[in-house]
Amino acid sequence: SIIIILAISPLSFSQGINSNDENTILSLIKKFSAKDPFINGEAITSLVKMGSLPVDYLIKSLKDNNDTVRVCSAIALSKIAPQGSKAIPFLTEALKDNNSEVRWCSAIALGRFQKEAVESVQPLISLLYDNDRDVRWAAYISLSKINKEAINKPPEFSKIVEILEKLTPQLIKELKVPGVSISVIKKYKIEWSKNFGVCDVIKQNTVNNKTIFEACSMSKPVFTFLVLKLAEEGKLDLDKPLSDYLAEQFVSDNDEYSKLITARMILTHTGGMPNWRKGGEERGGPIPIYNRPGTKFYYSGEGIYYLQRVVEQITKEPLERYAKQNLFDKLGLESSSFVMTEGINKQIATGYDKSGNCNKRSNYTHSNAAYTLYTTADDYAKFIIEIMKHNKPDQLSLSEEMTNEMLCHQIRSDVREVIDRPGRSLGLFSYRGLGWGIDSTITGDIIYHSGANQTGFRCYSQFNMREGSGIVIMTNGENGSELIP
């Protein structure tokens, strides 16, 4: 019986430890329960100086009922590592702890063992879906030290579809979003698309593949494509002052600012203009420039509208006609237009506010490249596929060089938070390309754009150039901004 007691006693793990060291360790660990964090820190520092001697005792205290004791134990084990590898399975178990700080510290600790902690890879991958973003980041840091390649394996497509089909109807009901249309791209083609709910609450017309939504600000990337095609054809210089094409009335503390604005600045939202001028863009009032163009990210629909007028000056055509002839017709996007048409009027969904009340329907008779695009989820997915495809032999496509220019990191966008994606798409930094937002993630760049109009439409799109994957989500309710993430 004595042998059994020794076998389960944590003190038996430390063979040869003298009683003085043991008493010192126990007294220091006791200080973990002190309310003063300075006392906790001093105790951790003293334990770390003892090397691997306290590891067995810290393994035991890692299971203490007191949250602070467990946090301190994980911190100490992290600082002692890579000594004390016997703690690896216990730190791995601590990744399930209810306390996020324990999970964070345990994840960091495992990374310090590097390849020796290979048994922790799958639990750490699961932690990439933790509710706490910091914990997800810690899991990534450790995985990058233990086995970074393990992060790259995509989830099973069938599981993605299963989640979409199960979760979307629940969210529609919970958030009072009448209708949703989703198109998912896999390996450069639409692999799955489905529609949920209704496009009109009163008529109870169900959403289908032909249901048209307002793309809202997702209009901007479509317009960008046309701009870059003009640049590729030599009809527009991305770095030439737009005032050379079309002068505009601006208001700023430096009259030279208006001569500095270029198409590249507009497409990266660094033109210095606000989102919209006072009185609305269509009344033609003066446009303020708040800072020197090219120096700061400032999201601006107004800038896009100015560039639209430049494009119309160059092409001698209104945007809606030029887009139809040079993009929509060539790609077979039969349900897409920058203005309302008879066909769209028959297929357009009705937008709803946060309480589920009907909003006034839009009737965009004049195009605005910043927000008036009408389209379907499938049409927009086809547009994304056109951008992603590798072989670009036809005259419609952007060259590989111009596509790379569009999707490279043009400017860091610190005022925009990285979109909170879990798993292998955990975001690190936010950038702007030409017409697109770009999040650098732990497995590479994800290109995206969202949209929100006052008429009640909320939409989102993203794609992954490396894998040929993407998703388009279109909703006709203001609470779609909650449903989409």
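Residues numbered from 1 in each chain as written. Predicted model: local features only at pLDDT ≥ 70, side-chain atom pairs only at ≥ 80, totals over all residues. Heavy atoms only, no water.

**Let's talk about the environment of Lys166**
Structurally, the position occupied by Lys166 is in helix 10 (residues 157–175). Sequence separation between Lys166 and Glu22 is 144 residues, and the spatial gap between their C-alpha atoms is 55 Å. (Helix = DSSP H or I, 4+ residues; strand = E, 2+ residues; numbered from the N terminus.)

**Points about the sheet that holds strand 12 (residues 458–464)**
Taken in spatial order, the 9 strands make up an open sheet running 3-2-1-13-12-11-10-9-8, and their pairing is antiparallel. Unpaired on one side and paired on the other, strand 3 (205–206) and strand 8 (411–412) mark the two borders of the sheet. Of the pairings in the sheet, the one linking strand 12 to strand 13 (residues 469–475) comprises 7 bridges and is antiparallel in character. Across the sheet, the residue bridging to Phe463 is Gly470, located in strand 13. (Pairing = 2+ DSSP bridges.)

**Re the side chain of Asp379**
Mapping Asp379 onto the fold places it in helix 16 (residues 377–388). Buried charge without a salt bridge: Asp379, with Lys382 as the nearest opposite-charge side chain at an N-O distance of 4.3 Å. (Buried < 20%, exposed > 50% of the residue type's maximum accessible area, 1.4 Å probe, protein only. Lys, Arg positive; Asp, Glu negative; His and termini not counted. Salt bridge = Lys/Arg side-chain N within 4 Å of Asp/Glu carboxyl O.)

**Considerations on the packing of aromatic side chains**
Enumeration over the complete set of coordinates arrives at 11 aromatic pairs. Here Phe225 and Phe383 contribute two aromatic rings whose centre-to-centre distance is 5.8 Å and whose plane-to-plane angle is 70°, an arrangement assigned as edge-to-face. A residue pair is termed long-range when its members are at least 10 positions apart, and Phe225 in helix 11 (residues 219–232) and Phe383 in helix 16 qualify at 158 residues. Residue Phe383 is classed as buried on the basis of its relative accessible area, which comes to 2%. Members of the aromatic cluster, joined through ring pairs, are Phe225, Tyr380, Phe383, Trp436 and Phe463. The positively charged end of Arg416 is found above the aromatic ring belonging to Tyr299, 4.7 Å away from the centroid. (Phe/Tyr/Trp six-rings, centres within 6.5 Å; stacked < 30°, edge-to-face > 60°. Lys NZ or Arg CZ within 6 Å of the ring centre and 35° of its normal.)

**Let's talk about helix 5 (residues 67–80)**
Because an α-helix packs 3.6 residues into every turn, residues spaced three or four apart end up facing the same way. A rise of 1.5 Å per residue sets the reference length of helix 5, with its 14 residues, at 20 Å; its end C-alpha atoms lie 20 Å apart and thus fit the reference within 8%. Most of helix 5 sits inside the fold, with 10 of its 14 residues counted as buried. Among all positions in helix 5, only Val69, Arg70, Val71, Cys72, Ser73, Ala74, Ala76, Leu77, Ser78 and Ile80 are buried. Considering only its buried residues, helix 5 is in contact with helix 3 (37–48), helix 4 (55–61), helix 6 (88–94) and helix 7 (100–111). (Expected span 1.5 Å × (residues − 1). Contact = heavy atoms within 4.5 Å.)

**What to know about the nonpolar core**
Leu242, Leu307, Tyr380, Phe383 and Trp436 are the most contacted members of the largest nonpolar core, which has 74 residues in total. Setting aside its immediate chain neighbours within four residues, Trp436 contacts Pro221, Tyr380, Phe383, Ile384, Ile387, Met406, Leu407, Ile447, Tyr448, His449, Ser461 and Phe463. (Core = buried A, V, L, I, M, F, W, Y, C linked by side-chain atoms within 4.5 Å.)

**Focus on the confidence of the model for the protein chain**
Within the protein chain, residue pLDDT values average 93, and 96% of them lie at 70 or more. In this model, residues 1–13 is a region of pLDDT below 50 whose contacts with residues beyond four sequence positions or in other chains number 9 contacts. (pLDDT = per-residue confidence, 0-100.)

**Some thoughts on the environment of Arg309**
Turning to its location among the elements, Arg309 is positioned in helix 13 (residues 301–315). Residues Arg309 and Val227, 82 residues apart in the sequence, show an inter-C-alpha distance of 11 Å. Other than its neighbours up to four places away in sequence, Arg309 contacts Leu246, Glu248, Arg277 and Ile287.

**Quick word on helix 13**
Between its terminal C-alpha atoms helix 13 stretches 21 Å, which fits the 21 Å expected from 15 residues at 1.5 Å a residue. With respect to burial, helix 13 is a largely interior element, 12 of its 15 residues being buried. When we look at burial in helix 13, the residues that qualify are Gly301, Glu302, Gly303, Ile304, Tyr305, Tyr306, Leu307, Gln308, Arg309, Val310, Val311 and Thr315. Contact partners of the buried residues in helix 13: helix 11, strand 5 (250–251), helix 12 (263–267), strand 6 (287–288) and helix 14 (319–331). Just past helix 13, the residue Lys316 takes up positive phi, approximately 60°.

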